[in-house]
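What the coordinates show
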Amino acid sequence: METNSFDAIVVGTGISGGWAAKELTEKGLKTLVLERGRMVRHGEYPTATTDPWDIPFGNRVTQETKQRKPVQTRSQYPTPSNTHWFVDDLDNPYTEVDGSRFDWIRGNHVGGRSIMWARQSYRFSPLDFESNAKEGIGIPWPVSYDEIAPWYDHVETFAGISGASDGLAQLPDGKFLPPMELNCVEIEFQRKLTEKMGRKLIIGRVANLTAPLTHDQSPQRAPCQYRNLCIRGCPYGAYFSSLSSTLPSAERTGNMTLLANKIVYELIYDNDKGKATGVRVLDAETGAQTDYFAKVVFLCASTLGSAYIMMNSVSARFPNGFGNDSGELGHNLVDHLKAAGVSATVEGHEDVAYTGRRANGYYIPRYRNLGKEKRDYLRGFGYQGRASRSGVGRFNNSSMIGAELKQAVQEPGPWVLNLSSFGEILPNHLNHATIDRSRKDKYGLPVLKIDTKLRENELAMQREMVADGVEMLEAAGYKNIHVGENNYGMGLSIHEAGAARMGKDPKTSVLNKFNQVHACKNVYVTDGSFLASSACQNPSLTYMAFTARAAHHAVEELKKGNL
Amino acid sequence: MSQDAELMRRRELLKRAAWLLGGAISAPAALAILQGCSAKEPVAGAASTLKVLSAAQLDVVAEIAEIIIPRTETSGARDAGVPAFIDEVLAAVYVKADQDRFTSGLAAFEKPFREREVADRSAFVKQSLESALEAKESPRAFILMLRELTLLGYFSSKVGILDNMEYVPVPTAFQGCVPLSQMKKHVYWE
């Protein structure tokens, strides 16, 4: 037992786990970090510098991948250049309740989805923390924007977020590295949106370094090289991931023990002490079972991963799952709502283009239901997109052949511009996950059963997301406006959250304002689980801020003897 | 073996080879190992490695692909290994029904194609493309499938990219508004 005992245990190595590991080890805690997937170290990115001609099949997704990864390929992400970052669905099953699609897109390896994330980094605003209370939706947030703002500063500074200060109340500015550039057509679209509709378009705020970091804690990181191959892993460490950033810092303290292939399936609860004493672990390769012990446990296994571990931890004290006195564990699952994408061609600007491949696009921040406006739905949405000159694909619908075709390919194609929306999904008790004990995975562990659907608010919002997109492109005078297919299923935005929400009242929430389980204070849950509502901004930056804050809280509480 | 596993295996082999040689493995040798199983290496397309197409079918595909992208002052579809690429993609990416649609479409196309004098075949391909685009069939007609595969194979091949585009693997900077007059040729933006 001696060698299995630590000050802290962190479960998971994605965005949240990496931050917990860094902050706890830097504060001197001997910390065990457990990852259910395989070991990957910074730099071990097999395709990071592979030229396009060495990627098989023109990078088209294969039937083998579709068969092994039927859920992962519902997203457009897995291709031959990166499919090694996406789980094998046959080996990692879960149950979708009849008629209820849920797209659970995952990566089981050290670094988790921080390797493949889209790096868009936005703060939640005061409005986002206040809406639940004002509108009587879900439960009030126990944390205000002002309380979390210094932690946003803290994580932005360390991670390196590039962006412009735009002075928007609904999208607070932060500690930014220089913004990337908009291209000529995007600048024109920005101007037209402002003039004709009073809407803002800003350059995306993205966790890619546009200049050296303002600190010296990450010597392994270099500025962005504008290859736009981030999803393969960046050998320059130019974007923030657990591998490039937080885990190396944790490693350097000498306080981290990082173990891969360790599946945490249960929390160990000591009824006499009223505390968790550790975690039960299954070795993914050998099947061996081991218990690890610590004074404090951080669950950072992703919202469904952490909810699973808690629901699977049943004891006399917690017959309905760990910390589940409220009955809300596994409930209130949200994601970000998408609708059909909208695109158009832009006439003119034929004599200009851009150089380099920008790993970022523009962002149209939320403009609906601000101030006095009241739509027929609550909350709002934003758009991400970019303008670009079309490439070789434009010739798929042309009859041009021969030398003429080869000549034509030398010229850049017409400008195209697209809008892809991300909206807020309201927390709803009915959207939930439970454990399906009738079905086991290859480790003999029961699987998750997920039951969610889009409701009236979402469907009304989806209609407006498309209509507004079309309206903006029309207002800009763009041609051939095309509305794509709506292929959205809950989960597809890969922003699933909310399964162990935080709140003031233990009767209606699982976690308190410091991410501690109300009923067991030495367990913190700091992945997407804690969101009482999800706003419409990409959430990872908020997970970072709350994780860092929770880790500091845990260290202080340990010092005071409160845990 | 899956493609990921295959790629990892090749990297591992390379690492091991480098270790065995005391790290003295030459760059070209390393490249050769890494590209060992590349779909576009010259020997691919030999009859024994074909997966979906017969050698005879591959010949027709090659001839049509070369009409779509002929060798001019730059490489053509054959130089880029497009015929073998098409066979590989048919096998790995297409479902059986689409493979069959391709091969039966090929069989139907081959006869009138072969009946033309060699000099007229290019016009026949062009004409077939025009009528297929006009017909707007779904799923797409054989000749459009072949054309799409030819473009994909050629412009994802080394010679296709390097001969026709300004490929900058590490751009180091992004400039949003650059006059085309300051750029060389089609920049690889994919």
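Residues numbered from 1 in each chain as written. Chains lettered and ligands numbered in written order. Predicted model: local features only at pLDDT ≥ 70, side-chain atom pairs only at ≥ 80, totals over all residues.

**A few points about the overall build of chain B**
The secondary structure content of chain B amounts to eight helices and one strand. Ordered by position in the sequence, the α and β elements of chain B form the string α-α-α-α-α-α-α-α-β. Among the 190 residues that make up chain B, the fraction classed as buried is 31%. Long-range contacts, defined here as pairs at least 24 residues apart, represent 59% of the contacts in chain B between residues at least 6 apart. (Helix = DSSP H or I, 4+ residues; strand = E, 2+ residues; numbered from the N terminus. Buried ≥ 20, exposed ≤ 12 C-beta atoms within 10 Å, placed from the backbone. Contact = placed C-beta atoms within 7 Å.)

**Examining the sheet that holds strand β19 (residues 446–451) of chain A**
Residue and element names in this part refer to chain A. Strands sit in the order β3-β19-β18 across an open sheet of three strands; the sheet is mixed. Looking at strand neighbours, the two that pair on one side only are β3 (95–96) and β18 (432–440), the edges of this open sheet. As judged from the six bridges shared by β18 and β19, these two strands associate in the antiparallel manner. Note that in β19 the partner of K440 across the bridge is P446. Helix α7 (residues 303–311) contacts β18 and β19 of the sheet and is inclined by roughly 65 degrees relative to β18. (Pairing = 2+ DSSP bridges. Axes fitted to C-alpha atoms, helices over the stretch in contact; angles between N-to-C directions.)

**Some details on the packing of helix α3 (residues 55–68) of chain B against helix α6 (residues 118–135) of chain B**
Residues and elements named next belong to chain B. Here α3 crosses α6 at 80 degrees, and the two axes come no closer than 10 Å. As judged from the angle between their axes, α3 and α6 are roughly perpendicular. Where α3 approaches α6, its residues I64, I67 and I68 are matched on the opposing element by R121, S122 and V125. Residue classes in the contact of α3 with α6 are distributed as four nonpolar, one polar and one charged. (Parallel < 35°, antiparallel > 145°, perpendicular 65-115°, else oblique. Nonpolar A, V, L, I, M, F, W, Y, C, P; charged D, E, K, R; others polar.)

**Comments concerning the nonpolar core**
Ranked by size, the top nonpolar core spans 155 residues in total, and within it I9, V10, V11, V297 and F298 of chain A carry the most contacts. When residues in this core are grouped by element, the largest group, ten residues, is from helix α10 (residues 540–559) of chain A. Other than its neighbours up to four places away in sequence, I9 of chain A contacts L32, L34, G278, V279, Y292, A294, V297 and F298 of chain A. Ranked by size, the runner-up nonpolar core spans 42 residues in total, among them L58, I67, I69 and I143 of chain B. (Core = buried A, V, L, I, M, F, W, Y, C linked by C-beta atoms within 7 Å.)

**A closer look at the interface of chain B and chain A**
Counting residues at the interface gives 56 residues for chain B, matched by 50 residues for chain A. With six residues, α6 of chain B is the single largest residue contributor to the side of chain B that touches chain A. In terms of residue class, the side of chain B that touches chain A is made up of 31 nonpolar, 15 polar and ten charged. Bridging between strand β13 (residues 352–355) of chain A and strand β1 (residues 175–179) of chain B involves three bridges; their strand directions are antiparallel. Bridge pairing in β1 of chain B places V352 of chain A opposite P179 of chain B.

**Quick word on α3 of chain B**
Its 14 residues give α3 of chain B an end-to-end C-alpha distance of 20 Å, which sits within 8% of 20 Å, the value for a rise of 1.5 Å per residue. Among the residues making up α3 of chain B, those that are buried are L58, V61, I64, A65, I67 and I68 of chain B. On its buried face, α3 of chain B sits against α8 (402–409) of chain A together with α4 (82–92), α5 (96–115), α6 and α7 (142–155) of chain B. (Expected span 1.5 Å × (residues − 1).)

**Regarding α8 of chain A**
Every buried residue belonging to α8 of chain A is among L405, K406 and V409 of chain A, and all of these are buried. Buried positions in α8 of chain A, seen along its axis, are confined to an arc of 100 degrees and lie on one side of it. Exposed residues pointing more than 90 degrees away from the buried face of α8 of chain A are listed as E404 and Q407 of chain A. Where α8 of chain A is buried, its residues meet α8 (158–164) of chain B. (Arc of directions from axis to C-beta.)

**Comments concerning the environment of V483 of chain A**
All names here are of chain A. Turning to its location among the elements, V483 is positioned in strand β20 (residues 479–483). Given 14 C-beta atoms within a 10 Å radius, V483 is considered partly exposed. A sequence separation of 17 residues divides V483 from V466, and the C-alpha atoms of the two residues are 7.6 Å apart. Look past the residues within four positions of V483 in its chain and what remains in contact with it is A340, V342, V466 and V470.

**Brief notes about the pairing of strand β10 (residues 289–299) of chain A**
All names here are of chain A. One ladder, built from six bridges, connects strand β1 (residues 5–11) with β10; its direction is parallel. Bridged to S5 within β10 is F293. Here strand β9 (residues 275–283) folds back onto β10, and the loop between the two strands holds five residues, one of which, G287, carries a positive phi near 80 degrees. As paired elements, β10 and strand β22 (residues 520–525) share three bridges and run parallel to each other. What sits directly across from L299, in β22, is V525.

**What about the confidence of the model for chain B?**
All names here are of chain B. This prediction gives chain B a mean pLDDT of 81; 72% of its residues lie at or above 70. Below a pLDDT of 50 lies the segment residues 5–45, which in the model reaches 40 contacts outside its immediate sequence neighbourhood of four places, other chains included. Interface confidence in the predicted complex, given as ipTM, is 0.93; pTM for the same model is 0.93. (pLDDT = per-residue confidence, 0-100.)

**Observations concerning unusual backbone geometry**
At the junction of S138 of chain B and P139 of chain B, the peptide bond is cis and its omega measures out at 0 degrees in the coordinates. Relative to the elements of secondary structure, P139 of chain B occurs in the loop between α6 and α7. You will see that Y226 of chain A, though not glycine, has its phi angle at about 60 degrees, which is positive. Here Y226 of chain A is to be found in the loop between β6 (202–203) and α6 (242–252). Its identity is not glycine, yet N480 of chain A carries a phi of approximately 50 degrees, on the positive side.

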